Amino acid sequence: INQQRKRKVRVRSKIFGTGNRPRLSVHRSNRYLSAQIIDDIKRQTLVGLSEKSFSPGESSSPTERARLLGEKIAQMAKKKKISRVVFDRGQYQFHGRIKVFADAARKEGLKI
């Protein structure tokens, strides 16, 4: 847990979300993935979404749900007129579900 905290602090020290380019933060648990778009200057969450909000029939595999979450968060960001974000992977490696999520958000037009 100490290594995770160190990694999170190291990554977060280099990333800061502004009004023009907010921070896209990802949280991964064993079961779900959730994401928020945050303006760090105002300390305000602009958009937030979790896999828990999906209906059970939409997808089955965790990577498929991550892809769906990336697409939906990008669509919600477009509605709020957010086109560019800074990606905050937190303590997680840019690999697996996190990478699938980011690639899907990029594909939907979000500039990371």
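Note that the structure is predicted; figures quoted are calculated from it, not measured.

Points about the confidence of the model for the protein
Okay, so step 1: Here the protein shows a mean pLDDT of 90. Residues at 70 or above account for 96%.
Okay, so step 2: Put simply, helix α1 (residues 2-14) is where the protein has its lowest mean pLDDT, 88, and helix α3 (residues 97-107) is where it has its highest, 96.

Focus: the sheet that holds strand β2 (residues 33-39)
Okay, so step 1: The mixed open sheet is built from four strands, whose spatial order is β3-β2-β1-β4. The open sheet has two free edges, formed respectively by β3 (44-50) and β4 (86-88), since each of these has just one partner strand. Pairs of neighbouring strands in the sheet enclose a mean axial angle of 20°, with direction left out of account.
Okay, so step 2: With six bridges joining them, β2 and β3 adopt antiparallel strand pairing. Within the sheet, the bridge partner assigned to Ser 34 lies in β3 and is Ser 50.

Let's talk about the packing of aromatic side chains
Okay, so step 1: In this structure the tally under the stated criterion is two aromatic pairs.
Okay, so step 2: An aromatic cluster is present here, built from Phe 87, Phe 94 and Phe 101 joined pairwise through their rings.

Focus: the pattern of salt bridges
Okay, so step 1: Considering all chains together, one arrives at eight salt bridges under this definition.
Okay, so step 2: We note a salt bridge from Arg 23 to Asp 88, for which the minimum N-O separation is 2.9 Å. Note that Arg 23 is positioned in strand β1 (residues 23-28) and Asp 88 in strand β4, a separation of 65 residues in sequence. There is no split in this pair, since Arg 23 and Asp 88 are both buried.
Okay, so step 3: One salt bridge connects Arg 67 with Glu 64, and the closest N-O pair in it is separated by 2.2 Å. Taken together, the positions of Arg 67 and Glu 64, both in helix α2 (residues 62-79) and three residues apart, correspond to about one turn of that helix.
Okay, so step 4: Residue classification places Arg 67 among the partly exposed residues on the basis of a relative accessible area of 28%.
Okay, so step 5: Judged by its relative accessible area of 31%, Glu 64 falls in the partly exposed class.

Brief notes about the packing of α2 against α3
Okay, so step 1: The contact between α2 and α3 brings their axes to 7 Å, and the two run at 35°. Relative to α3, the crossing made by α2 is right-handed. Contacts between α2 and α3 involve Pro 62, Thr 63, Ala 66, Arg 67, Leu 69, Gly 70, Glu 71, Ile 73 and Ala 74 from the first element and Arg 97, Val 100, Phe 101, Ala 104 and Ala 105 from the second.
Okay, so step 2: Class assignment of the residues belonging to the contact of α2 with α3 gives a composition of nine nonpolar, two polar and three charged.

What counts and what doesn't
- Residues numbered from 1 in each chain as written.
- Predicted model: local features only at pLDDT ≥ 70, side-chain atom pairs only at ≥ 80, totals over all residues.
- Heavy atoms only, no water.
- pLDDT = per-residue confidence, 0-100.
- Helix = DSSP H or I, 4+ residues; strand = E, 2+ residues; numbered from the N terminus.
- Pairing = 2+ DSSP bridges.
- Axes fitted to C-alpha atoms, helices over the stretch in contact; angles between N-to-C directions.
- Phe/Tyr/Trp six-rings, centres within 6.5 Å; stacked < 30°, edge-to-face > 60°.
- Salt bridge = Lys/Arg side-chain N within 4 Å of Asp/Glu carboxyl O.
- Buried < 20%, exposed > 50% of the residue type's maximum accessible area, 1.4 Å probe, protein only.
- Left-handed = near helix turned anticlockwise from the far one by under 90°.
- Contact = heavy atoms within 4.5 Å.
- Nonpolar A, V, L, I, M, F, W, Y, C, P; charged D, E, K, R; others polar.

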